[in-house]
Amino acid sequence: QVQLVESGGGLVQAGGSLRLSCAASGRTFSNYAIGWFRQAPGKESEFVAAISWSGRRTQYADSVKGRFTISRDNAKNTVYLQMNSLKPEDTAIYYCAADSAGYGSGDQYEYEYWGQGTQVTVSS
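Below you will find a few notes about this structure. (Residues numbered from 1 in each chain as written. Predicted model: local features only at pLDDT ≥ 70, side-chain atom pairs only at ≥ 80, totals over all residues. Heavy atoms only, no water.)

Enumeration according to the criterion identifies five aromatic pairs in this entry. With centroids separated by 5.1 Å and ring planes inclined at 50 degrees, the aromatic side chains of F37 and W114 adopt a geometry described as tilted. Highlighted residues: F37 in strand β4 (residues 33–39) and W114 in strand β10 (residues 113–114), separated in sequence by 77 residues. When its relative accessible area of 32% is taken as the criterion, W114 is described as partly exposed. With a centroid separation of 6.3 Å and an interplanar angle of 65 degrees, the aromatic rings of Y111 and W114 are classed as edge-to-face. In this structure Y111 comes out as buried when scored by relative accessible area, which is 6%. Each residue in the set F37, F47, Y111 and W114 is aromatic and connected to the rest through ring pairs, giving one cluster. (Phe/Tyr/Trp six-rings, centres within 6.5 Å; stacked < 30°, edge-to-face > 60°. Helix = DSSP H or I, 4+ residues; strand = E, 2+ residues; numbered from the N terminus. Buried < 20%, exposed > 50% of the residue type's maximum accessible area, 1.4 Å probe, protein only.)

What follows is about the state of the cysteines. Going through the model one piece at a time under the given rule, you end up with one disulfide. A sulfur-sulfur separation of 2.1 Å characterises the disulfide bridge that pairs C22 with C96. With the S-S bond torsion at 70 degrees, the cross-link from C22 to C96 turns out right-handed. With C22 in strand β3 (residues 18–26) and C96 in strand β9 (residues 92–99), this residue pair connects regions lying 74 residues apart in the sequence. For C96, a relative accessible area of 0% corresponds to the buried category. (Disulfide = S-S within 2.5 Å.)

Our focus in this paragraph is the pattern of salt bridges. The full count for this structure, using the stated rule, is four salt bridges. Among the salt bridges present, the one from R38 reaches E46, with a minimum N-O distance of 2.8 Å. In this structure E46 comes out as partly exposed when scored by relative accessible area, which is 32%. Here R38 makes a salt bridge to D90, at a shortest N to O gap of 2.9 Å. Here R38 is found in strand β4, whereas its partner D90 is found in the loop between β8 (78–83) and β9, with 52 residues between them in sequence. Judged by its relative accessible area of 1%, D90 falls in the buried class. (Salt bridge = Lys/Arg side-chain N within 4 Å of Asp/Glu carboxyl O.)

Below, the structure is given as structure tokens:
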């Protein structure tokens, strides 16, 4: 069992930045890949970014490439999502999820554990 808690969401103007954190407890955090997904009102859940268990492999959705950076600190059991140049269309609830396969898939169905989410609102 892995428990995940997101933090760092909030209200920001377009062009601004936020850093989300995903803090984990439970089983060995460093064994898990972590992904970030988001869901806007009335829309399907969308893959944002993922990082492998070692941190050596990352992948991003095209919509956030060059603006968002995912990283992890296994000593702190935490994964970060640095979000720069935010746009109103980035507004959503952001969730982190853990995948025991360890590679960092973009498929939400690969992930076994999910956090409760943190709201990000970008005003124009």
